Amino acid sequence: EQSRARQKAQLEGQFEQGGTVEAMLRSLAYIRLGEGGGADERGFAALKNLRDAQPAKAALSTADLKHALREQYLLLRLDEERAIRTLPKLLPRDLGERANMLDVIRLMARAKGELSSEGKRRLARIEKLFAPKPKRRSADSSSASIPPDHRNSNRSSARSFLPRLWHPPPNG
């Protein structure tokens, strides 16, 4: 009982912690939960395959990846709504990087085939969270947005993003 209370207290501080990797893992675990699964071995195997395709010096270790996936899954189990509501705080500001992240999320979410209606609903929610907050618009201004889907784009754009995914450049 004390161990659970300690783990819960530790997780409480993690909802707004992390970056690109944590945002993608949380998004994928959230979609996967809608498919009736969680952070299972098949989902981890797909992540590991993508990790293995990256240059050795850019990839997270398998242990680090597994730990990050488990932590994001536990956050979702602890408080799913809060985990999703705080997700935008983990996202980069760069819209192109967000679009590339969405391409990877879509690719991995659909890796096992067509999503269920719940999986589609969850993916749509993730897509909205990745979109920039609308700014006040004047009559002559326009705001940039992330395209709703890149189905016609080359999957290599998502794969070329992955080296930056594992070790994004330092801020500053």
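Right above here is the structure, for reference.
Calculation notes
- Residues numbered from 1 in each chain as written.
- Predicted model: local features only at pLDDT ≥ 70, side-chain atom pairs only at ≥ 80, totals over all residues.
- Heavy atoms only, no water.
- Salt bridge = Lys/Arg side-chain N within 4 Å of Asp/Glu carboxyl O.
- Helix = DSSP H or I, 4+ residues; strand = E, 2+ residues; numbered from the N terminus.
- Buried < 20%, exposed > 50% of the residue type's maximum accessible area, 1.4 Å probe, protein only.
- Core = buried A, V, L, I, M, F, W, Y, C linked by side-chain atoms within 4.5 Å.
- Phe/Tyr/Trp six-rings, centres within 6.5 Å; stacked < 30°, edge-to-face > 60°.
- Lys NZ or Arg CZ within 6 Å of the ring centre and 35° of its normal.
- Axes fitted to C-alpha atoms, helices over the stretch in contact; angles between N-to-C directions.
- Parallel < 35°, antiparallel > 145°, perpendicular 65-115°, else oblique.
- Contact = heavy atoms within 4.5 Å.
- Nonpolar A, V, L, I, M, F, W, Y, C, P; charged D, E, K, R; others polar.

Participant: Give a description of the pattern of salt bridges that names residues and reports values.
Facilitator: Under the criterion given, the structure shown has eight salt bridges. Among the salt bridges present, the one from K89 reaches E16, with a minimum N-O distance of 3.4 Å. Placement of K89 in the loop between α5 (80-85) and α6 (95-109) and of E16 in the loop between α1 (2-12) and α2 (20-34) is noted, with a sequence separation of 73 residues between them. Judged by relative accessible area, K89 falls into the exposed class, the value being 55%. With a relative accessible area of 42%, E16 lands in the partly exposed category. Across the pair E114 and K120 runs a salt bridge, and its minimum N-O distance is 3.2 Å. What emerges from the salt-bridge pattern is a single network uniting E80, E118, R121 and R122.

Participant: Residue-level account of the nonpolar core, with values.
Facilitator: Counting residues in hydrophobic clusters, the biggest one holds 28 residues, and the most contacted among them are I31, L76, L87, I105, I126 and F130. Listed by contribution, the elements that provide at least two residues to this core are α2, α4 (62-78), α5, α6 and α7 (117-130). V21, L65, A68 and L69 belong to the second largest nonpolar core, which has six residues in total.

Participant: Residues and numbers for the packing of aromatic side chains, please.
Facilitator: Scanning all chains against the criterion turns up zero aromatic pairs. For R122, the ring lying beneath its charged end belongs to Y30, and the centroid distance is 4.4 Å.

Participant: Talk me through the packing of α1 against α4; I want residue IDs and the actual numbers.
Facilitator: With their axes 10 Å apart at the nearest point, α1 and α4 run at an angle of 100° to one another. As the angle between them shows, α1 and α4 are arranged roughly perpendicular. Mapping the contact onto sequence places Q7, K8, L11 and E12 in α1 and R70, E71, L74, L75 and L78 in α4. Grouping the constituent residues of the contact of α1 with α4 by class yields four nonpolar, one polar and four charged.

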